[in-house]
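Residue-level structural notes
The residues making up each chain are set out below.
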Amino acid sequence: EIWPDPVTKKISGINQITYKVLDKRYCLMQLDLAKPLKIDSVYQRNKKLLFDNIYNFYYVHIDSKRKTDSIKVFYSGTPKESLNPPWDGGTVWSTDSLGRPWVSVACQYPGASVWFPCKNALYDEPDNGASLAIRVADTLVAVANGHLIEKSRHTDNTITFKWQVIHPINHYGIAYYIGKYTPLHYSYNGEKGPLPIDFWILDYHSGRAEHHLIPETVQALNSLERWFGPYPFYEDGCKIVESPYIGMEHQSAIAYGNKYQNGYNGIDLSTSGVGMLFDFIIIHESGHEYW
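Described in the following lines is the structure provided in the data block.

1. What to know about the overall build of the chain
- For the chain, the count of helices and strands is two helices and 20 strands.
- Rg of the C-alpha trace for the chain: 20 Å, near the compact-globule value of 19 Å for 291 residues, within the 12% margin.
- Looking at the 291 residues of the chain, the share that counts as buried comes to 52%.
- At a minimum sequence separation of 6, the contacts of the chain that also span at least 24 residues come to 63%.
- Accessible area for the chain stands at about 14,300 Å²; split by element, carbon and sulfur atoms hold 54% of it.
- Put simply, the chain has 27 plus and 31 minus side-chain charges, and the middle of one group is 10 Å from the middle of the other.

Printed below as a string of structure tokens:
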């Protein structure tokens, strides 16, 4: 669970990590978390664990007697800010055209340790997926990967949105979006049957989204499924989420910031004329769902 604060640009959170012990002789778990974020404490079965910190690396002294176990990692601080997303990775603290909070992350290059403690290795993915709960002001909406499984209101005028994926997922493919979002739903008749597609767009863009995003996404999926087979994450659904940067292939929750136009920011990158016949970001990021 994370609690980003758009006002102070700080974040606090808890990451629960379930793991399997492969060799009981070892009792250290390496976790990566980029400064200035810091791990405050780590607990295992209500017992506080010791850890050592060397720059961005934490070595947690775990109990390795059980074959499978879990730890809870509490952390906080000011995450690295991305000033040119998605090219320099970090948290994106932005506002929409009405000055309302619009927040996301983009961490393809440095990895997810810029915003939560994890094993920052591209080859390592949780076998059984992941869940992400985001706590925000109750005037905002938080969107993340997979399906929304729980929504909880709190007495301090905040609300927690909990999302979950069941497929293995790369750590940089995990993402959240916070803003004044409104959903647009569509059922796509794909190679494996009906695929729910949810478009989460800023509330004042609902008309433009319906007339642009639906046909462009259907065209992209028709082409991709024809040549490469069924969309890979039917069980987790498909989302296009309006983002404060151009785009990113976040698994089942694609970041979209191409301003509802064909080409790439209105430009034909191929200089052939063909590039203006489709929305580059939708086809490009949808293609990344396959590889």
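2. Examining the packing of aromatic side chains
- Counted by the stated rule, this structure contains twelve aromatic pairs.
- Ring geometry for W115 against Y176: centres 5.3 Å apart, planes inclined by 65°, an arrangement best described as edge-to-face. Taken as a pair, W115 in the loop between β10 (101-106) and β11 (130-137) and Y176 in strand β15 (residues 176-179) lie far apart in primary sequence, 61 residues in all. Residues W115 and Y176 agree in their burial class; the two are buried.
- In this structure, R135 packs its charged tip against the face of W3, placed 4.3 Å from the ring centre.

3. What to know about the sheet that holds strand β18 (residues 238-242)
- In space, the five strands of this open sheet follow the order β16-β17-β18-β20-β19, with mixed pairing throughout. The open sheet has two free edges, formed respectively by β16 (181-190) and β19 (247-248), since each of these has just one partner strand.
- The pairing of β16 with strand β17 (residues 193-202) spans ten bridges and is classified as antiparallel. Its bridge partner being in β17, T182 is matched across the sheet by I201.
- Helix-sheet contacts for helix α1 (residues 206-228) involve β16, β17, β18 and β20 (254-256), and the interaxial angle to β16 is about 30°.

4. Examining the nonpolar core
- Counting 58 residues, the largest nonpolar core has L31, I71, W115, I134, Y176 and Y181 as its most contacted members.
- In this structure I71 touches N15, Q16, I17, Y19, M29, L31, V42, Y43, Q44, L49 and I62, once residues within four positions along its chain are discounted.
- In terms of nonpolar packing, the next biggest core, distinct from the first, is built from 26 residues, Y188, I201, Y231 and I281 among them.

Conventions adopted
- Numbers given to residues run from 1 along each chain, matching the order in which its sequence is written.
- In keeping with the predicted nature of the model, local features appear solely for residues at pLDDT of at least 70, side-chain atom pairs appear and are counted solely at 80 or more, and the whole-chain, interface and lining totals rest on all residues.
- Think of the side-chain values as coming from all heavy atoms in the structure, minus any hydrogens and water.
- Secondary structure elements follow DSSP: runs of H or I of four or more residues count as helices, runs of E of two or more count as strands, with numbering from the N terminus.
- To get the radius of gyration, use the C-alpha atoms; to get the globule rule, take the number of residues to the power 0.38 and multiply by 2.2 Å.
- Note on classification: 1.4 Å probe, protein chains only; a residue is buried when its accessible area is under 20% of the maximum for its type, exposed when over 50%, partly exposed between these limits.
- Between two residues, a contact is recorded if the distance between any of their heavy atoms is within 4.5 Å.
- Only the protein chains shown count as cover for residues, and all accessible areas are computed by the Shrake-Rupley method using a 1.4 Å probe.
- Within this scheme the basic residues Lys and Arg register as positive and the acidic residues Asp and Glu register as negative, but His and the chain ends are omitted.
- For the purpose of locating charges, the reference atoms are NZ of Lys, CZ of Arg, CG of Asp and CD of Glu.
- Geometry of aromatic contacts follows a simple scheme: Phe, Tyr and Trp rings, the Trp one being its six-membered ring, pair when their centres are within 6.5 Å, and the pair is stacked under 30 degrees between planes, edge-to-face over 60, tilted otherwise.
- Counting as a charge over the ring demands two things of the Lys NZ or Arg CZ atom: a distance within 6 Å of the ring centre and an angle within 35 degrees of the ring normal.
- Pairing between two strands is assigned when DSSP locates at least 2 bridges connecting them.
- Axis geometry follows a simple rule: fit a line to the C-alpha atoms, using only the stretch in contact for helices, then measure angles between N-to-C directions, giving values from 0 to 180 degrees.
- Residues grouped as a nonpolar core are buried Ala, Val, Leu, Ile, Met, Phe, Trp, Tyr and Cys residues, joined through side-chain atoms within 4.5 Å.

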